[in-house]
Amino acid sequence: MKRRHGIHTITGKLFLQLMLIFGCLLCLISLTQFGIMNVARAETYNRMSSQADNYLDKLDETLVQIRRQQLGSLNDWDMINITVNYDSMSGYERRLALLALRERMGFFEISFDIVEDASVYVPGIDYVITGSSVKRMTEEDAEIVETLGSHANQEIYMDGTGIYMLSVHQEIKNGNNSLRQLHVVQLSPKQIEKDIRQLVFGLDSGAFFMGDDREILFHNGESRQLSCAIAANLRDRGEELQKIQEVRVEGKTYLCYMSESEQLGIFVQYMQQDMVMREISKYQKWLLAVWICTLAAVFAILLFFMRQLHIPIRTLLGAFEKVKAGAFGERIYYEGRDEFQSLYSGFNEMQEQMQGLIEGLAEQKNLTKNAQLKQLQAQIAPHFLYNSFFVLSRRI
């Protein structure tokens, strides 16, 4: 009888089936982990989007309100009166108008946390009015008027010293007293960065504003070097930026989400991807435990079935080999009550029937020989008697 090996055996086929099941479970676990990672990324982007939208909506609304107040100040009666009728006003009227304007400038600083300073330059009467003082213009103030006035066509002007919201009543011309007013509201970078800091999730995360030239304007104040590296990476891409980006800096991957402010440009939030994965690391440990338990279960099931299938089958095959060698009296026994008991019982019954047939054949063969012998004896007896009588008769 030819022995089978490898995958041609029942155990081999069972092993392949179990490994197939194990592979399917492994794929399912991997797909689950991949899905969890994607869900975690999507949740992070959604959280960034929600925070950015709320913050930028409030910021833009605040800047719009400041702009409205600024334009309203240009049309204030005290402002118009003091710039148009200054020479005809009495000293008391002038003082009342200047104090009213100072109070209005102070209103900006009180009403809006983002405002660092508010002032009105009136070159025609050589006054500078702030929220805390009323003073005569100096040469330095004249230089400020000349510098900022040249950018008065921009709603927001930024340089290395600050960020300004500018408004003029009339076009500024150097040396021309036709200038009525230059209203300057200086915004506070520290307050903007403080507000940005509230959107940061940890050490490896941050946020910053980026101008049209993709240079950093404001950042969260704690990781400027990292913010600059991310901004440089985005700048080097030289393409229209998508809202969702993945940036790699110093071997680490950062998830970036970009929103746009109507007033201050592009707002970028970033978070290291490992921080996102850290939230689901405990689930990864559980998945690893499930994977190990599944592997152990596969081998346990394999050993169990080897004991339940392989050993009884080997016993049955060994019995057949003995029968083949002529041991017709071989019997096998099984203590269980499953299909192998029926197989073993069938084998034993087959052996008994074969042994009975063999014994019957042997007995029939003996009977046949005895019958043939008796027939010969019967044939020999009459001939012997006849020959004997013939011999006697001849002698007589």
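Summary of the structure given here. (Residues numbered from 1 in each chain as written. Predicted model: local features only at pLDDT ≥ 70, side-chain atom pairs only at ≥ 80, totals over all residues. Heavy atoms only, no water.)

**Re the nonpolar core**
- In terms of nonpolar packing, the biggest core is built from 37 residues, with Ile66 and Phe209 touching the most fellow members.
- Apart from residues lying up to four places away in sequence, Ile66 is in contact with Phe108, Phe112, Ile114, Val115, Met165, Val185 and Leu187.
- Core analysis: the next-biggest nonpolar cluster, separate from the first, contains 13 residues, Phe208, Met210, Met258 and Val268 among them. (Core = buried A, V, L, I, M, F, W, Y, C linked by side-chain atoms within 4.5 Å. Buried < 20%, exposed > 50% of the residue type's maximum accessible area, 1.4 Å probe, protein only. Contact = heavy atoms within 4.5 Å.)

**Here's the deal with helix 4 (residues 139-149)**
- What helix 4 keeps buried is the set Asp141, Val145, Leu148 and Gly149. Buried positions in helix 4, seen along its axis, are confined to an arc of 95 degrees and lie on one side of it. With respect to the buried face of helix 4, the exposed residues turned more than 90 degrees away are Glu139, Glu140 and Glu143. (Helix = DSSP H or I, 4+ residues; strand = E, 2+ residues; numbered from the N terminus. Arc of directions from axis to C-beta.)

**Side note on the environment of Arg95**
- Structurally, the position occupied by Arg95 is in helix 3 (residues 91-111).
- Put simply, Arg95 and Ile82 are 13 residues apart on the chain and 9.8 Å apart in space, counted from C-alpha to C-alpha.

**Examining the sheet that holds strand 5 (residues 163-168)**
- Spatially, 3-2-1-6-5-4 is the arrangement adopted by the six strands of the open sheet, whose pairing is antiparallel. Each having just a single partner strand, strand 3 (134-136) and strand 4 (156-158) make up the two edges of the open sheet. Across the sheet, the mean angle separating the axes of adjacent strands is 25 degrees when strand polarity is ignored.
- Across three bridges, strand 2 (residues 127-130) lies against strand 3 in antiparallel orientation. Note on strand 3: the bridge partner recorded for Ile129 is Val134.
- In the packing of helix 3 onto the sheet, the strands contacted are strand 1 (115-122), strand 2, strand 3 and strand 6 (182-187), and the crossing angle to strand 1 comes to about 155 degrees.
- Across the sheet, helix 4 touches strand 1, strand 2, strand 3, strand 4, strand 5 and strand 6, and the angle it forms with strand 6 is around 85 degrees. (Pairing = 2+ DSSP bridges. Axes fitted to C-alpha atoms, helices over the stretch in contact; angles between N-to-C directions.)

**What about the environment of Glu93?**
- Take Glu93: it is sitting in helix 3.
- Assessed through its relative accessible area of 42%, Glu93 is described here as partly exposed.
- For the pair formed by Glu93 and Ile82, sequence separation is 11 residues and the distance between their alpha carbons is 8.9 Å.
- Looking at Glu93, its side chain comes within polar contact range of the main-chain nitrogen of Ser90, at 3.1 Å. (Polar contact = N/O pair within 3.5 Å; in protein donor to acceptor, adjacent residues only side chain to side chain.)

**So, the pairing of strand 2**
- Neither face of strand 2 is left uncovered, since the one carrying Tyr127 and Ile129 and the one carrying Val128 and Thr130 both have all their residues buried.
- Bridge analysis of strand 1 against strand 2 gives four bridges, and the strand direction is antiparallel. Counted as the bridge partner of Val120 is Ile129 from strand 2.
- Between the antiparallel neighbours strand 1 and strand 2 lie four residues, among them Asp126 with a positive phi of about 60 degrees.
- Where strand 2 folds back onto strand 3 in an antiparallel hairpin, the turn is made up of three residues.

**Focus: the packing of aromatic side chains**
- Here the structure, examined in full by the defined rule, presents six aromatic pairs.
- Taking 5.6 Å as the distance between ring centres and 45 degrees as the angle between the ring planes, the aromatic pair formed by Tyr55 and Phe267 counts as tilted. On the criterion of sequence distance, the pair formed by Tyr55 in helix 1 (residues 10-74) and Phe267 in strand 11 (residues 265-272) is long-range, its members being 212 residues apart.
- The exposure class assigned to Phe267 is buried, which follows from its relative accessible area of 0%.
- With a centroid separation of 6.2 Å and 50 degrees between ring planes, the pair formed by Phe208 and Tyr270 is classed as tilted. (Phe/Tyr/Trp six-rings, centres within 6.5 Å; stacked < 30°, edge-to-face > 60°.)

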